[in-house]
Amino acid sequence: MRSDVARLRCGKTIPLLGMGTYCPQKDRETTISAVHQAIKIGYRHFDTAKIYGSEEALGTALGQAISYGTVQRDDLFVTSKLWSSDHHDPISALIQTLKTMGLEYLDNYLVHWPIKLKPGVNEPIPKEDEFEKDLGIEETWQGMERCLEMGLCKSIGVSNFSSKKIFDLLDFASVSPSVNQVEMHPLWRQRKLRKVCEENNIHVSGYSPLGGPGNCWGSTAVIEHPIIKSIALKHNATPAQVALRWGMSKGASVIVKSFNGARMRENKRALEIKLDDQDLSLIDHLEEWKIMRGEFLVNQTTSPYKSIQQLWDNEI
């Protein structure tokens, strides 16, 4: 098997380098242009979500590239995510996503967060009265399995699930998740979760593999870390390339978001870097710090999670 892909339990291969399309400004034309550029550079794995507001732009760009003959649908790996206010009906939500994107199927459909919001809530940060008391993950997962049976997607998975939540899901799932997409980078290495996922044949996909610089909640701590910089110097690479290569060296795919052509090329060259045992050991000893903490899903009254520790099951 090629070194730039991983095989999922469903038999599909997932490219280890993915392009994220979350754009706070929801700038359609910029997104379309960036996706065309990424395809030309060689990206084949694209990540979106209903709540990102980029499904339509990504779908338009992919549809154009397919019609131009630049790429074939079979060569692409497209992920989107079930928003928390659609947990009561994943089938209708996915049908709407496919309509929005102009696609016949997704390669990967994920439960975005382990939280259920009231139908119609389409803001990323819910208000206090918009939470459902019951998590209802079992019913939601049954809907995800039905999406798979109907051929609306090729694989199903989760996002932001702790080890405990993975075990809970495996207790009742008829079809186990193929993917768990979580924050993962050299300062948040997910050792325990990676082990649990590996033992259960669940592929880990890392979002914010550079720490999310440029996002309102993100940080430059990863790419500005002196150890990451020193490893980059040693390999005549950039800190971003080191961080991305680290994630891929752990068997994870990494979802990196840049709409800048030069950065996209730089990120793709991470596939060519080889980190040695000393590099990996240095990174393994860095102090850990989770950047995306999910405070917006915690409250004392209406959320099922009364604390950050509860949300992450003390894995933070």
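What counts as what
- Residues numbered from 1 in each chain as written.
- Predicted model: local features only at pLDDT ≥ 70, side-chain atom pairs only at ≥ 80, totals over all residues.
- Heavy atoms only, no water.
- Helix = DSSP H or I, 4+ residues; strand = E, 2+ residues; numbered from the N terminus.
- Rg over C-alpha atoms; globule rule 2.2 N^0.38 Å.
- Buried < 20%, exposed > 50% of the residue type's maximum accessible area, 1.4 Å probe, protein only.
- Phe/Tyr/Trp six-rings, centres within 6.5 Å; stacked < 30°, edge-to-face > 60°.
- Pairing = 2+ DSSP bridges.
- Axes fitted to C-alpha atoms, helices over the stretch in contact; angles between N-to-C directions.
- Parallel < 35°, antiparallel > 145°, perpendicular 65-115°, else oblique.
- Left-handed = near helix turned anticlockwise from the far one by under 90°.
- Contact = heavy atoms within 4.5 Å.
- Nonpolar A, V, L, I, M, F, W, Y, C, P; charged D, E, K, R; others polar.
- Core = buried A, V, L, I, M, F, W, Y, C linked by side-chain atoms within 4.5 Å.
- Salt bridge = Lys/Arg side-chain N within 4 Å of Asp/Glu carboxyl O.

**A few points about the overall build of the chain**
Per the secondary structure count, the chain includes 11 helices and 10 strands. Scaling as 2.2 N^0.38, a compact globule of 316 residues should have a C-alpha radius of gyration of about 20 Å, and the chain matches this with 19 Å. Along the first, second and third principal axes, the C-alpha set of the chain runs to 50 × 50 × 35 Å. For the chain, with 316 residues in total, the buried portion stands at 55%.

**Details of the packing of aromatic side chains**
Under the defined criterion, the tally for this structure stands at 3 aromatic pairs. Taking 5.3 Å as the distance between ring centres and 65° as the angle between the ring planes, the aromatic pair formed by Y22 and Y52 counts as edge-to-face. You can see Y22 sitting in the loop between β3 (17–20) and α1 (28–41) and its partner Y52 sitting in the loop between β4 (45–47) and α2 (55–68), a full 30 residues away along the chain. Take Y52: its relative accessible area is 14%, and that puts it in the buried class.

**A look at the sheet that holds strand β7 (residues 156–159)**
In a beta sheet, neighbouring strands are held together by backbone hydrogen bonds and run either parallel or antiparallel to one another. Sheet architecture is closed into a barrel: 8 strands sit in the order β3-β4-β5-β6-β7-β8-β9-β10, paired in parallel fashion. Each neighbouring strand pair of the sheet contributes to a mean axis angle of 25°, computed without reference to strand direction. Where β3 and β4 come together, 3 bridges link them in parallel fashion. Bridging across to β4, G20 finds its partner in D47.

**Section: the packing of α1 against α2**
For the pair α1 and α2, the least separation of the axes is 8 Å and the interaxial angle reads 40°. The angle between α1 and α2 places the two elements in the oblique class. Our pair here, α1 against α2, has a crossing hand that is right-handed. Residues R28, T31, I32, V35, H36 and I39 of α1 touch α2, and the partners they reach there are E56, A57, L58, T60, A61, L62, Q64, A65 and Y68. For the contact of α1 with α2, the residue count by class is 9 nonpolar, 4 polar and 2 charged.

**Topic: the nonpolar core**
As a rule of thumb, soluble globular proteins bury nonpolar side chains together. Core analysis: the largest hydrophobic core is formed by 78 residues, its most contacted members being M19, F46 and L106. The contacts of L106, once residues within four sequence positions are left out, are R73, V78, S80, L94, T97, L98, M101, L152, C153 and K154. Membership of the second largest hydrophobic core comes to 16 residues, among which are I51, L117, Y207 and Y305.

**Observations concerning the side chain of Q181**
Tracing the backbone shows Q181 in strand β8 (residues 179–183). Accessibility expressed as a relative area gives 2% for Q181, which makes it buried. Filtering out sequence-adjacent residues up to four positions away, Q181 remains in contact with D47, K81, L110, V158, S159, N160, S205, Y207 and I255.

**Observations regarding the pattern of salt bridges**
Going through the model one piece at a time under the given rule, you end up with 18 salt bridges. A salt bridge links D276 to K234; the shortest N-O distance between them is 2.7 Å. Taken as a pair, D276 in the loop between α9 (261–268) and α10 (277–284) and K234 in helix α7 (residues 226–234) lie far apart in primary sequence, 42 residues in all. We classify K234 as partly exposed; its relative accessible area is 44%. It is possible to trace a salt-bridge network through shared partners that takes in R189, R191, D284 and E288.

**Topic: unusual backbone geometry**
A positive phi angle, near 55°, is found at D313, a position not held by glycine. Assignment of secondary structure puts D313 in the segment after α11 (308–311). The phi angle at N314 is positive, at roughly 60°, despite the residue not being glycine. Mapping N314 onto the fold places it in the segment after α11.

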